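Structural overview
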Amino acid sequence: MWPFGKSYCSNLSASLLNFSKSDHFCLSDATEGCLVLGATGSGKSTGPGKSLARAYLSAGMGGLVLTAKAEECKVWEDYCRATGRLKDFYVFSTRGPLRFNFLDYELKRRGPGAGLTENIVHLFCEMLEVAERQSGQAGRADEGYFRRANRQLLRNVVDLLVMAKGRVSVPELYQAVISAPTSLAQRDSNEWKKTSFCFQCLREGDAQPKSASRAHDFAIVADYFFVEYPALSSRTRSVVVSTFTSMVDVIQRGVLAQLFCGETNITPEAIEAGAVLVIGLPTKEFGEVGQYAQVLWKTAFQRSIERRDMARNKRPVFLWADEAQFVTTAYDMQFQTTCRSSRVATVYLTQNISNMYAALGGSDQGEYQANSLFANLNTKIFTANGDPVTNEWAAALIGKKRQFLTNGTSSTLPDEGGSDFWSMGRRTQTTAGVSEYVDFEVQPREFTTLRRGGRANRGQIDSIVFQGGRLFRATGRTWLPVTFRQ
């Protein structure tokens, strides 16, 4: 079904796009990541975004496209049509037939890491990070503890289901948690044992044959549900459980249940094979449900592409997110540090850097994580922006240089040796000098004057392109003014 036979460019030095007559954007540059920053209406999507997208498609790359706006599906369909990739174009949405049971996939996929509890927990925790932002829990003083407690609950309930049932499903995860004992007295109650799905799983898991390692893991699970969990304070347990159930409740009903809790007929491997998969649940339309869907696919893709066998398949792929602040998580920073070796070209577009700081929690830690992500998106493209924080950051990124300022003065002094009628007893003195100082190569104000496309600018979108570790031939600098056409 998937387009394995589609030709693609694997030469890292191959040019994908020309920034100037002598400066090329190569496949190797693409795999180092790209960040596009520009105000709403600056043309970042229709200028540099469009040029990058069509270049990647023309090179035969597979891609995962995360969407924020409803029109993006149509935009990418047009891109694929224009580049001869329409047969590789797929949309994952409620209107189409594609389905992805992410838990079943992680449990049964190929590879020695298949079925590992921690990998399944990681998928949920990426969703949990989004849920915490929505609920306002992100950034609270005790966030670290509750995040660890949620991971512990997830880890134990996933292990319990795998050992008892040999499967993991969202409804059964939910039932196991809400039927776990909430006190030591309830744990010892015969009534609880008769009606609890959690106790049923513990009994079935205990009866299953196990290796020594599995027996050790089951003992930890049993201790957690029989001893540690019921002994938690009611306040602590209620926060942990409500955070978990509010997240899982969204998945097991409506759109997400339809798309992620049934059969599987598409997986991240399709992208490695050349599919261009657009997640057609834009966050502007589907809200939190759309965010969950995008983050689930992004996380599954990131984990899949990092473990692929490059000796068997060297096709480059891209991860694309316009309005990236809606789908960015802390794991993106870790992914970007190593994904180049897997030939992944990440492109994140957003209005300003403050969006990303806020998306990652708004605390110092969130800012550090965002800055780490920015540092590993080596190509930065700046379009018109009125945000002073972003413009100062861009100017500082490009750097400062030694500059010279000439100055001169002219003054009239009394004539000490007498005077005639015409000089009126005065003489003129002129001085000149040169002062040296260090200042930004590109002043922050320059980013406010870039052309934004449209009829008034004849479709021309000005930008400043920066690449760390590269001197552009056209300027001899690490930055280059580039004009894109809409």
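We now turn to the structure provided with this report. No experiment lies behind these values; they were computed from the predicted model shown. (Residues numbered from 1 in each chain as written. Predicted model: local features only at pLDDT ≥ 70, side-chain atom pairs only at ≥ 80, totals over all residues. Heavy atoms only, no water.)

1. So, the overall build of the protein
The helix and strand tally for the protein stands at 19 helices and 13 strands. Taking as baseline every contact in the protein between residues at least 6 positions apart, the subset at least 24 positions apart corresponds to 74%. Surface exposure of the protein reaches about 21700 Å², of which carbon and sulfur atoms provide 50%. (Helix = DSSP H or I, 4+ residues; strand = E, 2+ residues; numbered from the N terminus. Contact = heavy atoms within 4.5 Å. Areas by Shrake-Rupley, 256 points an atom, 1.4 Å probe, with all protein chains shown as cover.)

2. Let's talk about the sheet that holds strand β13 (residues 479-485)
The sheet built from 9 strands is open, its strands ordered β5-β6-β4-β7-β8-β3-β9-β12-β13 with mixed pairing. Both edges of this open sheet fall to β5 (89-92) and β13, since each of them pairs with a single strand only. With direction set aside, neighbouring strand axes in the sheet form an average angle of 20°. Where strand β3 (residues 34-37) and strand β8 (residues 344-350) come together, 4 bridges link them in parallel fashion. Residue pairing in the sheet places Val36 in a bridge with Leu349 of β8. Contacts from helix α3 (residues 72-82) reach β4 (62-66), β5, β6 (276-279) and β7 (317-322) within the one sheet, and its direction differs from that of β5 by about 165°. (Pairing = 2+ DSSP bridges. Axes fitted to C-alpha atoms, helices over the stretch in contact; angles between N-to-C directions.)

3. A closer look at the pattern of salt bridges
Following the criterion strictly, the structure yields 21 salt bridges and no others. Between Glu106 and Arg109 there is a salt bridge, and its shortest N-O distance comes to 3.0 Å. According to the relative accessible area criterion, Glu106 is buried, its value standing at 4%. Because the salt bridges share partners, they merge into one network encompassing Lys74, Glu77, Asp78 and Arg81. (Salt bridge = Lys/Arg side-chain N within 4 Å of Asp/Glu carboxyl O. Buried < 20%, exposed > 50% of the residue type's maximum accessible area, 1.4 Å probe, protein only.)

4. Overview of helix α16 (residues 331-338)
For α16, the full list of buried residues reads Tyr331, Asp332, Phe335 and Gln336. One side of α16 holds all its buried residues, which, seen down the axis, span an arc of 130°. (Arc of directions from axis to C-beta.)

5. Some points on the packing of aromatic side chains
A complete count under the given rule lists 22 aromatic pairs for this structure. Summarising the aromatic geometry, the rings of Tyr224 and Tyr229 are spaced 5.8 Å apart at their centres and angled 50° between planes, so their arrangement reads as tilted. With a centroid separation of 5.6 Å and 70° between ring planes, the pair formed by Phe382 and Phe447 is classed as edge-to-face. You can see Phe382 sitting in strand β9 (residues 379-382) and its partner Phe447 sitting in the loop between β11 (426-440) and β12 (460-467), a full 65 residues away along the chain. Owing to a relative accessible area of 1%, Phe447 belongs among the buried residues under this scheme. Ring pairs connect the aromatic residues Phe92, Phe100, Phe102, Tyr105, Phe124, Phe260 and Trp297, which therefore count as one cluster. The positively charged end of Arg237 is found above the aromatic ring belonging to Tyr229, 5.9 Å away from the centroid. The ring of Phe440 is capped by Lys400, whose NZ or CZ atom sits 5.1 Å from the centre of that ring. (Phe/Tyr/Trp six-rings, centres within 6.5 Å; stacked < 30°, edge-to-face > 60°. Lys NZ or Arg CZ within 6 Å of the ring centre and 35° of its normal.)

6. Remarks on the side chain of Thr283
As for its placement among the helices and strands, Thr283 is situated in helix α15 (residues 283-306). Residue Thr283 is classed as buried on the basis of its relative accessible area of 9%.

7. Thoughts on α15
With 24 residues, α15 ought to run about 34 Å at 1.5 Å a step, yet its terminal C-alpha atoms sit only 26 Å apart, falling short of that. Of all the bends in α15, the largest measures some 80° and sits at Val289. (Expected span 1.5 Å × (residues − 1). Bend = angle between axes of the 7 residues up to and from the residue.)

8. Describing the pairing of β6
Residue alternation in β6 divides its side chains into two sets, Val276 and Val278 and Leu277 and Ile279, and both sets are buried. With 3 bridges joining them, β4 and β6 adopt parallel strand pairing. Residue pairing for β6: Gly63 is matched across the bridge by Val276. In the sheet, β5 pairs with β6 via 4 bridges, with the strands oriented parallel. Within β6, the position partnered with Val91 by the bridge is Val278.

9. Some words on the environment of Ala149
Among the secondary structure elements, Ala149 is positioned in helix α6 (residues 143-165). Classification of Ala149 by relative accessible area gives buried; the value is 8%. Residues Ala149 and Thr236, 87 residues apart in the sequence, show an inter-C-alpha distance of 9.1 Å.

10. Section: the packing of α15 against α16
Relative placement of two packed helices is described by the angle separating their axes and the distance separating the axes. Between α15 and α16, the least distance of the axes is 11 Å, while the angle of their chain directions is 25°. Here α16 runs roughly parallel to α15, going by the angle between their axes. By crossing handedness, the relation of α15 to α16 is classed as left-handed. Together, Lys298, Gln302, Arg303, Ile305 and Glu306 of α15 and Tyr331, Asp332, Phe335 and Thr338 of α16 make up the contact between the two elements. For the contact of α15 with α16, the per-class residue count stands at 3 nonpolar, 2 polar and 4 charged. (Parallel < 35°, antiparallel > 145°, perpendicular 65-115°, else oblique. Left-handed = near helix turned anticlockwise from the far one by under 90°. Nonpolar A, V, L, I, M, F, W, Y, C, P; charged D, E, K, R; others polar.)

11. Quick notes on the nonpolar core
Core analysis: the biggest nonpolar cluster contains 102 residues, and Phe92, Phe102, Phe124, Phe260 and Leu277 have the highest contact counts within it. Examining the composition of this core, we find that 11 residues originate from one element, α6, more than from any other. Among the nonpolar cores identified, the runner-up in size contains 34 residues, and Val36, Ala53, Cys73 and Leu480 belong to it. (Core = buried A, V, L, I, M, F, W, Y, C linked by side-chain atoms within 4.5 Å.)

12. Focus: unusual backbone geometry
Here Glu323, not a glycine, exhibits a phi torsion of approximately 55°, which is positive. Of note, Glu323 is situated in the loop between β7 and α16. On the basis of relative accessibility, which here comes to 9%, the residue Glu323 falls in the buried class. Located in the positive-phi region is Arg458, a residue other than glycine, with phi close to 55°. One can find Arg458 in the loop between β11 and β12. Judged by relative accessible area, which is 73%, Arg458 ranks as exposed.

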